[in-house]
Amino acid sequence: MAANLCSRPVAPGSYRVTDAFWLREMDLVRREVIPYQWEALNDRIPDAAPSWWMHNMRAAARRNAMKRAGKPWQPAGSGREMRFETLPEKGQAPDPDAFYGFVFQDSDGYKWIEAVSYQLMRGPDAALRATAQEAVDAICAAQEEDGYLDTYYSLGLRERAFTNLRDHHELYCLGHLCEAAVAWHQATGQTDLLNAAMRFADCCAEKLGREPGKKRGYPGHEIAEMALIRLWEETGEQRFLEQAKYFIDERGRRPFYFDEEERERLGEAWGGPTQGSGYHQANAPVREQSEAQGHAVRAMYLYSGMADAARITGDTALRAACKRLWHSAAEEKRYVTGGVGATHVGEAFSRPYDLPSDTAYSETCASIGLAFFARRMLQMDPDSRYADVMEEALYNTVLSGMALDGRSFFYVNPLACDPEACKTDARLGHVKHVRQKWFGCACCPPNIARIVSSLPSYAMTQNEDTLFVHLYVAGETEVTLNGRPLKLKVEAGLPWEGEASVSVLEGSAEGTIAVRIPGWCRDAKASAVTLRNILTPGAEELAGDEKGSREKSGYVYFTGAWEPGDRVELYFDMPVRVTAANPLSPETAGQVCFRRGPVTYCAESVDNEAPLCLWRVDPAALTADPDSIRVEDAEIGGMPMKRLLVPARIAAASREQPLYRDWAPEETEDGTLILIPYFAWDNRGETEMRVWLHAR
Ligand code: FUB
Ligand code: ZN
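Residues numbered from 1 in each chain as written. Chains lettered and ligands numbered in written order. Predicted model: local features only at pLDDT ≥ 70, side-chain atom pairs only at ≥ 80, totals over all residues. Heavy atoms only, no water.

What about the site of ligand 1?
- Surrounding ligand 1, one finds Phe104, His169, Tyr172, His221, His295, Val297, Glu347, Glu363, Tyr411, Cys441 and Cys443.
- In this structure, an oxygen atom belonging to ligand 1 sits 2.8 Å away from a side-chain N or O atom of His169.
- Starting from 280 Å² of accessible surface for ligand 1 in isolation, the protein chains cover 96%.
- Residues belonging to the shell around ligand 1 are distributed by class as follows: 6 nonpolar, 3 polar and 2 charged. (Near = heavy atom within 4 Å. Polar contact = N/O pair within 3.5 Å; in protein donor to acceptor, adjacent residues only side chain to side chain. Areas by Shrake-Rupley, 256 points an atom, 1.4 Å probe, with all protein chains shown as cover. Nonpolar A, V, L, I, M, F, W, Y, C, P; charged D, E, K, R; others polar.)

Encoded structure:
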C-alpha cells in the first residue's frame, strides 16, 4: 500500500455513470437545468428575477470595442455609487451600457460553463458546445486589455477596482472563472477561457501580493484559493500555486487588510480598527483558526482551499487547522441533512449545537461547499468519516436544492416548514416554502449543476497505486494503477439497496483498491471474492488477513494483482436509524429523526395529518422492534424511492383547549406516519414539512 495516501479525484469524463439514482440527476441537469439556466442567464424566463449575466458581458464587450476604436465611452454608470446590487431605476428601461445585478453576477455564467464542461466530458453535444462557446466568447470579449475581467467594475467603476475586496467579489469571480476555464479546457481542449483566466489571475497578482507597491489583499469571498490551485494543476504554472498560497497565508494577519482597505476608502469617515472580520474568516491567521465561523459558503470554500494547499505542500500546521475546522463545522454545526450555516444573519455559522429547524439557513451552496471540503479532506486523509458527511450533503441538502423536475430551486433549506408561517412571519422572511424559478442572487442553482455534473470526482480518488472508492455510484471507469490501465465496473443500488461491487473488466495491474465502509451501516461485509495473487506490501501498518485485505479508518484495502474477473463485493446492512441529536442541541431536545443509508427522511402534510407537531413517535419501541418500521417502494415526481411507514401516535388538539393546563398524559390516537426522503420534499404542492419529530 502507498505510504502516501494522498489522492486526486478521477476525471469526471473517465467515469461512465450508469447508476439508476445519479444518472437520473446528471441527465436531469443536462436535459433541464442547463438549458433552463442558459435562458435565465439571458433573462428569458418569464416571471423570474433577471440574471443580467449576458447583458453585463455584452455591455462590457461594447465598452472594450469603443475603447479599442478610440471612441469615447461614456458609461451610464460612470462614477456611480458602489453598490452590492444594482437595478434599473424604477419605471426606467435598463440601460444597455450599465451593469445590473449583484456584484458577483459574472460568476453565475462561469458556474454554468463549468457544469456544461462536465456534461460535455460525459458525452458530446454539438449544440450545447456551441451555446457554451457563445458564453465563452462573450466572456473573452468582456475582458479588458490588461486582463481585468469583472463587469461590475468595467462598466463605469474601473478606477475603483481592487478597492473593496472585502465586500465586492472580484476575486470570487476570478475563482469561478478559473474553475470554469479548467473544466472547459479539459472538456474541449480549448485554451480560450484558460487564457482569459490566466490573464485575469496575472492582472490580480500585479496589484495584490507581498511585494513592495502591491496591496496585501485577499478575497472577501473565498474560492480563488482552491481555484488557483486547480489552475496550477492544469497549466503547471507555479505562480498560480504561489498566488493561492499567498491568499491563504495572508488572510487574518495583522494589521487586518480589510481595515486598511476601508481606511483608504473612507478616509476621515473611517470608524477605526476592528478585531478583524470573523464573518470573512479574517480575524486570525488561518493556521490559528479553530472554530468554523462567519459566512458559511465563504468558510467552506476557504477550508477547501486550505485542505488543497495542506495536501500539496505537506504543511502540518495548515493540516491541523483543517482538522480543527472540520471538527467544528461537521461535528458541532452540521444539520442532520448535511447542511451548514444555521443563521440567516450573515448567512453564517451560529454557535456550536445551535441548529434551529424552521429558521435554518442551510444554504444549498454551503452544503456544496461542505462536500468540497470533505472531498479534499479525504484526498489528504482517507477516513470514512469525511466521506460520510460528503455523502450526507450530496444526498440530502444538495439535492433538496433542486426540484425533482429540475425546474425550480431552494436557496435556503429549512428542516421544518409551515407554509402559512412562511407567508406571514417576518422572522421566516428568508425561507421560501416552495422552490423558486430563479433568484436575483442565483448562486445556488448553477452550483448544483456543476457539482451534480462532476459527481464521479466525489465517488473516487486515486494515487499512483491506490484507488479509493468513496461513494458507490454504478458505472464504468478506466484508471491507472502503478502505470497499468484497468477498466473497472461498479455496481450499486444506493441509496436504496445496500449492495455494491467493484470488478475488473479489462487490463491487469498490481495495486490497491480501497473500498469505504459507510458509517451508517451497522453490519458490513467487504470481500474480494475472486482476487488472486494477493500482495500485501505495507501489511504491517494494518491488521492483515489471509485475503490481503486490511481495514483502516473505514476503508478496506485490497492489495494484489488485479485481472479481469477479479471482484470486490460489498454488503451493507441498511436499517432505519432512529437518530437523536447531542443533548446540547436545544432545538432538537426530545425529538428524533429517521435515516436510512445516507438518506435523511422527513414528514410532509400531503401524506400526514397536520399540523405535524402533533405527531409522536416512540424511539424506545421503534428501536426495540426495528421491523415495525416498514420500508416501502414509492415514487415522487417520477423518481423511484423508498418511503418509511412509522408506527406513531397523534395527539388530540383543538383550539377549544386552554393555552395552558396542568400536565396530564396526552390523549393520543394510533396512526402511521409516512416519511419521504428529505431531498424529495416540496414536489407535490404546498405542504408542511418536518425532519425532527417529537418523541414520547
Ligand atoms: O456572495 C456570493 C454568494 O451569494 C454567496 O456565496 C452566497 O451566500 C450568496 O450570498
Ligand atoms: Zn448559494
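What about the confidence of the model for the protein?
- In the predicted model, the protein carries a mean pLDDT of 94, and 96% of its residues have values of at least 70.
- Counted against residues more than four places away or in other chains, residues 532-547, with its pLDDT under 50, gives 33 contacts. (pLDDT = per-residue confidence, 0-100. Contact = heavy atoms within 4.5 Å.)

Here we look at the packing of helix 7 (residues 192-207) against helix 9 (residues 238-250)
- Here helix 7 crosses helix 9 at 50°, and the two axes come no closer than 11 Å. Taken together, the axis directions place helix 7 and helix 9 in an arrangement best described as oblique. Two packed elements cross with a definite hand, and for helix 7 against helix 9 that hand is left-handed. Counting all contacts with helix 7, which are made through Met198, Ala201, Asp202, Cys204 and Ala205, the residues of helix 9 involved are Arg239, Phe240 and Gln243.
- The residue inventory of the contact of helix 7 with helix 9, partitioned by class, reads 5 nonpolar, 1 polar and 2 charged. (Axes fitted to C-alpha atoms, helices over the stretch in contact; angles between N-to-C directions. Helix = DSSP H or I, 4+ residues; strand = E, 2+ residues; numbered from the N terminus. Parallel < 35°, antiparallel > 145°, perpendicular 65-115°, else oblique. Left-handed = near helix turned anticlockwise from the far one by under 90°.)

Overview of the pattern of salt bridges
- One pass over the structure, following the stated rule, counts 59 salt bridges.
- Measuring nitrogen to oxygen at the nearest pair gives 2.8 Å for the salt bridge that ties Arg239 to Asp202. In this pair, Arg239 sits in helix 9 while Asp202 sits in helix 7, placing the two residues 37 residues apart along the sequence.
- For Arg239, a relative accessible area of 37% corresponds to the partly exposed category.
- Between Glu242 and Lys245 there is a salt bridge; the shortest N-O distance is 3.5 Å. You can see Glu242 and its partner Lys245 sitting in helix 9, 3 residues apart, about one turn around the helix.
- Note on Glu242: relative accessible area 36%, which makes it partly exposed.
- By relative accessible area, which is 24% here, Lys245 ends up partly exposed. (Salt bridge = Lys/Arg side-chain N within 4 Å of Asp/Glu carboxyl O. Buried < 20%, exposed > 50% of the residue type's maximum accessible area, 1.4 Å probe, protein only.)

Remarks on unusual backbone geometry
- In the segment running from Leu494 into Pro495, the intervening peptide bond is cis, with an omega of 5°.
- Its location among the elements puts Pro495 in the loop between strand 9 (484-493) and strand 10 (497-507).
- The residue after Ala610, namely Pro611, is reached through a cis peptide bond having omega 0°.
- Inspection of the secondary structure puts Pro611 in the loop between strand 18 (599-604) and strand 19 (615-617).
- The phi dihedral of Asn482 is positive, around 50°, even though this residue is not glycine.
- Position of Asn482 relative to the elements: it lies in the loop between strand 8 (475-481) and strand 9.

Quick look at the nonpolar core
- Core analysis: the largest hydrophobic core is formed by 225 residues, its most contacted members being Leu231, Met306, Val515 and Phe594.
- Residues from two domains meet in this core; each of domain 1 (459-571) and domain 2 (576-695) gives at least three. (Core = buried A, V, L, I, M, F, W, Y, C linked by side-chain atoms within 4.5 Å. Domains from an automatic or database assignment.)

As for the sheet that holds strand 10
- Strands sit in the order 2-8-9-10-15-12 across an open sheet of 6 strands; the sheet is antiparallel. In the strand order of this sheet, the two ends are held by strand 2 (15-17) and strand 12 (524-528), each with one partner. Strand-to-strand twist in this sheet, taken as the mean axis angle between neighbours without regard to direction, amounts to 15°.
- Relative to strand 15 (residues 567-572), strand 10 is paired through 5 bridges, and the arrangement is antiparallel. (Pairing = 2+ DSSP bridges.)

A few points about the pairing of strand 11 (residues 509-516)
- Burial of strand 11 is extensive: 7 of the 8 residues sit out of reach of the surface.
- Bridge analysis of strand 11 against strand 14 (residues 555-562) gives 8 bridges, and the strand direction is antiparallel. Directly across from Glu510, in strand 14, lies its bridge partner Ala561.

Quick word on the side chain of Glu363
- With respect to the element layout, Glu363 can be found in the loop between helix 12 (316-332) and helix 13 (364-380).
- Notably, Glu363 is buried but unbridged: the nearest opposite-charge side chain belongs to Lys111, and the N-O separation is 7.1 Å.
- Residues contacting Glu363, with those up to four places away along its chain left out, are Val297, Val340, Glu347, Tyr411, Asn413, Cys443 and Cys444. (Lys, Arg positive; Asp, Glu negative; His and termini not counted.)

Focus on the packing of aromatic side chains
- Scanning all chains against the criterion turns up 32 aromatic pairs.
- Ring geometry for Phe102 against Phe104: centres 5.4 Å apart, planes inclined by 20°, an arrangement best described as stacked.
- Exposure remark for Phe102: the relative accessible area of 13% places this residue in the buried category.
- Assessed through its relative accessible area of 7%, Phe104 is described here as buried.
- An aromatic cluster of three or more residues is present, and its members are Phe21, Trp22, Tyr395, Trp496 and Phe679.
- If you follow Arg263 out to its NZ or CZ, it ends over the ring of Trp270, 5.6 Å from the centre.
- Its guanidinium or amino end placed over the ring of Tyr458, Arg375 lies 4.9 Å from that ring's centre, counting from NZ or CZ. (Phe/Tyr/Trp six-rings, centres within 6.5 Å; stacked < 30°, edge-to-face > 60°. Lys NZ or Arg CZ within 6 Å of the ring centre and 35° of its normal.)

What to know about helix 2 (residues 53-68)
- For helix 2, spanning 16 residues, the distance from its first C-alpha to its last is 23 Å, which sits close to the expected 22 Å at 1.5 Å a residue.
- For helix 2, the full list of buried residues reads Trp53, Met54, His55, Asn56, Met57, Ala59, Ala60, Ala61, Arg63 and Asn64.
- Just downstream of helix 2, Gly70 is the residue with a positive phi angle, here 70°. (Expected span 1.5 Å × (residues − 1).)

A short note on the environment of Gly637
- Positionally, Gly637 belongs in the loop between strand 20 (630-636) and strand 21 (639-651).
- For the pair Gly637 and Asp405, spaced 232 residues apart in the sequence, the C-alpha separation amounts to 7.0 Å.
- In this structure, Gly637 is in contact with Arg24 and Leu404, ignoring residues within four places of it in sequence.

Notes on the side chain of Lys642
- When you line up the elements, Lys642 lands in strand 21.
- At 3.4 Å, the side chain of Lys642 and the side chain of Glu497 are in polar contact.
- Excluding its chain neighbours within four sequence positions, the residues that come into contact with Lys642 are Trp496, Glu497, Arg596, Tyr601, Val631, Glu632, Asp633 and Pro677.

Looking at the domain arrangement of the protein
- Per the domain assignment, the segments of the protein are domain 1 (459-571) and domain 2 (576-695).
- Look at where the C-alpha atoms of domain 1 and domain 2 centre, and you get two points 37 Å apart.
- On the side of domain 2, 11 residues touch domain 1, which itself brings 5 residues to the contact.
- With both chains or domains summed, domain 1 and domain 2 bury close to 730 Å², and 64% of this area falls on carbon and sulfur atoms.
- Three residues stand out in domain 1 for area buried against domain 2, namely Pro495, Trp496 and Trp520, and they jointly supply 82% of the buried area on that side.
- For the pair domain 1 and domain 2, the interface holds 1 salt bridge.
- Of the residues assigned to the side of domain 1 that touches domain 2, the class counts are 3 nonpolar, no polar and 2 charged. (Buried area = accessible area lost by both parts, 1.4 Å probe.)

Thoughts on the environment of Ala59
- On the secondary structure map, Ala59 appears in helix 2.
- Taking the relative accessible area as the measure of exposure, Ala59 reaches 0% and is therefore buried.
- A sequence separation of 96 residues divides Ala59 from Leu155, and the C-alpha atoms of the two residues are 7.4 Å apart.
- Apart from the residues lying within four places of it in its own chain, the contact partners of Ala59 are Pro96, Asp97, Ala98 and Leu155.

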